[in-house]
Amino acid sequence: MAALEPRDNGVADETRSRPVPPDEDGTVLGRAHRALTVGIVSVVLLIAFEATAVGTAMPVAARDLDGVSVYAFAFSGYFTTSLFGMVFAGQLSDRRGPLGALGGGIGAFAAGLLLSGSAQVMWVFILGRAVQGLGGGLVIVALYVVVGRAYPERLRPAIMAAFAACWVVPSVVGPLAAGAVTEHLGWRWVFLGIPVLVVAPLALALPQIRRRASGPVEGTDAPPFDRRRIRLALAISLGAGLLQYAAQDLRPLSAAPAAAGLALLVPAVRGLLPRGTWRAARGLPSVVLLRGVAAGSFIAAESFVPLMLVTQRGLSPTLAGFSLAAGGGTWALGSWLQSRPWAEPYRERLMALGMVLAAAAIAAAPSVLLPAVPAWTVAVAWGFGCFGMGLVISSTSVLLLKLSAPQEAGSNSAALQISDGLSNVLLLAVGGAAFAALGGGNVAHATTSAAADGASHPAAFAAVFLPMAAVALLGAWVTTRLHQHPETRR
């Protein structure tokens with residue numbers, strides 16, 4: 001399949017709206033972009049380290065706080081509040097630039113880590129994750145707007161590849177460091193030790209963002225603040241939270257919050273995502289849909305990998321987290337591959353391949369529930385799956401910026417991230433409900449032998465992984481919808 005080629009389709013590129021000085025036409029580490037690149041990449045590096053470290057510590061934290069039955073909430077709580085943060089950041093960035101959203105997001109992210117790290121009960125821990133998610137939603141959209149404004153189009157694949165490369169070192173060091181800290185100092189220090197590290201990259205990046213990307217886009221009037229989108233963002237976060245609650249509380253009474261959640265969620269999603277997203281309309285709507293299908297299925301499955309290895313195969317938190325370490329390197333490799341100039345004509349084929357690899361990895365993961373299958377099988381499978389995700393995730397970001405007018409980059413980036421975060425919430429809710437229904441909440445004290453005796457425990461994990469593999473395979477079909485027909489271009 002041919003990728004979207006540069007063309008005059010009525011969509012103004014950022015470099016057309018603001019002249020780019022000659023010295024800015026180099027590389028992402030050239031003199032003009034070096035400080036900005038190092039600063040924002042460092043922010044992503046810290047977020048990546050936190051994600052890999054928290055994933056390693058989460059099974060121990062959940063058991064210590066007697067919260068394994070609501071294990072999925074610790075992940076989905078982050079994504080639920082991030083939905084509001086994404087929309088608010090998109091609105092703020094399109095009107096005033098991304099500086100405020102980025103600074104506020106980093107502050108909320110750090111505050112959430114401190115709250116979770118000091119929690120004495122599981123619901124306070126989840127609240128901290130929710131505050132952290134609000135900050136993460138602000139940060140990720142602000143960074144996309146920075147890329148769209150401060151880098152010419154030809155450098156954007158490279159900076160997206162650099163973002164992906166940030167996961168290499170954390171994916172290797174993070175599980176080992178977090179596992180060692182969890183086992184010798186306690187899981188709380190995995191959360192409490194990260195906030196102090198954000199000061200240096202902020203000091204480096206913020207002056208450059210202020211110079212290059214502050215205020216509205218030059219040559220355009222700042223659009224008015226869309227209060228309707230903010231209301232829809234609140235509705236989508238509240239609706240997603242109610243659905244997640246209903247999924248974890250499997251009683252007849254939970255039908256009421258589930259219905260209320262759907263009533264809030266459906267119109268809000270229709271108002272915040274591009275028209276035609278849910279029917280995979282060609283072009284931008286399918287790009288947004290693919291991001292959700294890919295990220296939601298893979299992250300929902302990945303969230304349960306450490307818990308499965310700790311409770312079903314008796315691995316330590318360090319080894320369970322390290323089983324995912326290779327994925328950071330292969331994810332970065334896939335992202336680097338899509339950034340090569342020769343790959344542009346084959347972008348959609350590479351994305352289809354990526355979704356097939358992700359689906360295969362998710363389907364292979366529960367094979368380790370069989371005692372005869374080595375535990376390292378997950379590490380190998382996840383390496384291939386992450387390579388596929390590297391091809392897909394970075395490419396959706398590149399395509400979105402190509403199809404977005406400069407003054408719409410914030411809103412469209414928010415839509416992309418909403419699709420990502422909402423899919424994570426919904427699929428974690430579905431997976432968490434299936435996990436709880438089949439006895440997953442009883443695995444807190446399981447050992448390898450106990451798991452072998454209780455068939456409900458392996459079934460609970462299989463009920464998470466296999467449906468997610470089917471969703472990922474659906475994403476391979478969505479990649480056939482990314483290319484616009486000639487008659488739809490302008």
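Definitions and cut-offs
By convention here, each chain's residues receive numbers from 1 onward along its written sequence. Per-residue local features of the predicted model are confined to residues with pLDDT of at least 70, and side-chain atom pairs are confined, for both listing and counting, to 80 or more; whole-chain, interface and lining totals are unaffected and use all residues. Only hydrogens and water are set aside when side-chain values are computed; all heavy atoms of the structure are taken into account. Each helix corresponds to a stretch of at least 4 residues labelled H or I by DSSP, and each strand to a stretch of at least 2 residues labelled E; elements are numbered beginning at the N terminus. When accessible area is computed with a 1.4 Å probe and restricted to protein chains, residues below 20% of their type maximum are described as buried, those above 50% as exposed, and intermediate ones as partly exposed. Whether two residues are in contact is decided by their heavy atoms, any of which lying within 4.5 Å being enough. Note on areas: these come from Shrake-Rupley sampling with a 1.4 Å probe, and a residue is covered only by the protein chains present in the view. Note on geometry: axes are lines fitted to C-alpha atoms, helical ones only across the stretch in contact, with angles between N-to-C directions running from 0 to 180 degrees. The cut-offs work like this: below 35 degrees is roughly parallel, past 145 is roughly antiparallel, 65 to 115 is roughly perpendicular, and the gaps in between are oblique. Less than a right angle of anticlockwise turn of the near helix away from the far helix marks a crossing as left-handed, whereas a clockwise turn marks it as right-handed. Charged means Asp, Glu, Lys or Arg here, nonpolar means Ala, Val, Leu, Ile, Met, Phe, Trp, Tyr, Cys or Pro, and polar covers whatever is left, Gly included. Only buried residues count toward a nonpolar core, which is a set of Ala, Val, Leu, Ile, Met, Phe, Trp, Tyr and Cys residues joined through side-chain atoms within 4.5 Å. By this rule the span expected of a helix is its residue count minus one, scaled by 1.5 Å. Stacked, tilted and edge-to-face pairs are distinguished by plane angle, under 30 degrees for stacked and over 60 for edge-to-face with tilted covering the rest, among Phe, Tyr and Trp rings (Trp via its six-membered ring) whose centres lie within 6.5 Å. Per residue, pLDDT captures the predictor's confidence, and it can take any value from 0 to 100. Patch members must show over 30% relative accessible area and no salt bridge, and they are joined within 9 Å when carrying like charges or within 5 Å when they are nonpolar side chains of Val, Leu, Ile, Met, Phe, Trp or Tyr. Think of a salt bridge as a Lys or Arg side-chain nitrogen and an Asp or Glu carboxyl oxygen that are within 4 Å of each other.

1. Description of the overall build of the chain
- Counting its secondary structure elements, the chain contains 20 helices and 0 strands.
- Taking all 490 residues of the chain together, 60% fall into the buried category.
- In the chain, 84% of the contacts between residues at least 6 apart in sequence involve partners at least 24 apart.
- Total accessible area computed for the chain in this model is approximately 18,500 Å², and 68% of it derives from carbon and sulfur atoms.

2. Observations regarding the packing of helix H12 (residues 284–302) against helix H16 (residues 347–364)
- Here H12 crosses H16 at 25°, and the two axes come no closer than 10 Å. The angle between H12 and H16 places the two elements in the roughly parallel class. As H12 runs across H16, the sense of the crossing is left-handed. Residues Leu290, Ala294, Ser297, Phe298 and Ala301 of H12 form the contact with H16, whose participating residues are Met351, Met355, Ala358 and Ile362.
- Residues that form the contact of H12 with H16 fall into these classes: 8 nonpolar, 1 polar and no charged.

3. With respect to unusual backbone geometry
- Of note in this structure, Ala280 is not a glycine but carries a positive phi near 55°.
- Within the element layout of this structure, Ala280 appears in the loop between helix H11 (255–272) and H12.

4. Regarding the nonpolar core
- One finds Ile40, Phe125 and Trp382 to be the most contacted residues of the largest nonpolar core, which totals 136 residues.
- Examining the composition of this core, we find that 13 residues originate from one element, helix H5 (residues 122–150), more than from any other.
- Residues in contact with Phe125, not counting those within four places in the same chain, are Met58, Ala61, Leu65, Ala74, Ser116, Ala119, Trp187 and Phe191.
- Core analysis: the second largest hydrophobic core is formed by 5 residues, Leu337, Leu350, Phe387 and Leu391 among them.

5. Looking at helix H4 (residues 99–117)
- For H4, built from 19 residues, the straight-helix expectation of 27 Å at 1.5 Å per residue is met to within 8% by its first-to-last C-alpha distance of 28 Å.
- Within H4 the residues assigned to the buried category are Leu99, Ala101, Leu102, Gly105, Ile106, Ala108, Phe109, Ala110, Gly112, Leu113, Ser116 and Gly117.

6. Here we look at the environment of Gly431
- One can find Gly431 in helix H18 (residues 409–437).
- Under the relative-accessibility criterion, Gly431 is labelled buried at 2%.
- Spatially, the C-alpha atoms of Gly431 and Phe304 are 9.4 Å apart, while their sequence positions differ by 127 residues.
- Beyond its immediate sequence surroundings of up to four residues, Gly431 is in contact with Val464 and Met468.

7. A few points about the environment of Val147
- Looking at the secondary structure, you find Val147 in helix H5.
- On the basis of relative accessibility, which here comes to 0%, the residue Val147 falls in the buried class.
- For the pair Val147 and Ile40, spaced 107 residues apart in the sequence, the C-alpha separation amounts to 9.4 Å.
- Other than its neighbours up to four places away in sequence, Val147 contacts Arg156, Ile159, Met160, Phe163 and Leu401.

8. Things to note about the packing of aromatic side chains
- Under the criterion given, the structure shown has 8 aromatic pairs.
- A centroid spacing of 6.1 Å and a plane angle of 20° characterise the contact between Phe84 and Phe88, whose relative ring orientation is stacked. With Phe84 and Phe88 both in helix H3 (residues 71–96) and 4 residues apart, the pair spans about one turn of that helix.
- Under the relative-accessibility criterion, Phe88 is labelled partly exposed at 30%.
- Ring geometry for Phe298 against Trp331: centres 6.2 Å apart, planes inclined by 75°, an arrangement best described as edge-to-face.

9. So, the confidence of the model for the chain
- Here the chain shows a mean pLDDT of 77. Residues at 70 or above account for 81%.
- Taken element by element, the chain is modelled with least confidence in helix H1 (residues 14–17), mean pLDDT 38, and with most confidence in H16, mean pLDDT 93.
- Every residue in residues 486–490 scores below 50 in pLDDT, and together they form 6 contacts with partners more than four places removed in sequence or on other chains.

10. Some details on a nonpolar patch on the surface
- Together, Leu29, Val38 and Leu204 make up a nonpolar patch on the protein surface, roughly 230 Å² of accessible area in all.
- Tracing the chain through its elements places Leu204 in helix H9 (residues 199–213).
- Exposure remark for Leu204: the relative accessible area of 36% places this residue in the partly exposed category.

11. Topic: the packing of H5 against helix H6 (residues 156–165)
- Two elements in contact, H5 and H6, have axes separated by 10 Å at closest approach and are oriented at 150°. Relative to H6, the element H5 is oriented roughly antiparallel. Between H5 and H6 the crossing geometry is right-handed. Taking contact as the criterion, the partners of Tyr144, Val147 and Gly148 in H5 are, on H6, Arg156, Ile159, Met160 and Phe163.

12. Quick notes on the environment of Leu428
- When you line up the elements, Leu428 lands in helix H18.
- Residue classification places Leu428 among the buried residues on the basis of a relative accessible area of 0%.
- Through-space distance from the C-alpha of Leu428 to that of Phe73 is 8.1 Å; in sequence the pair is 355 residues apart.

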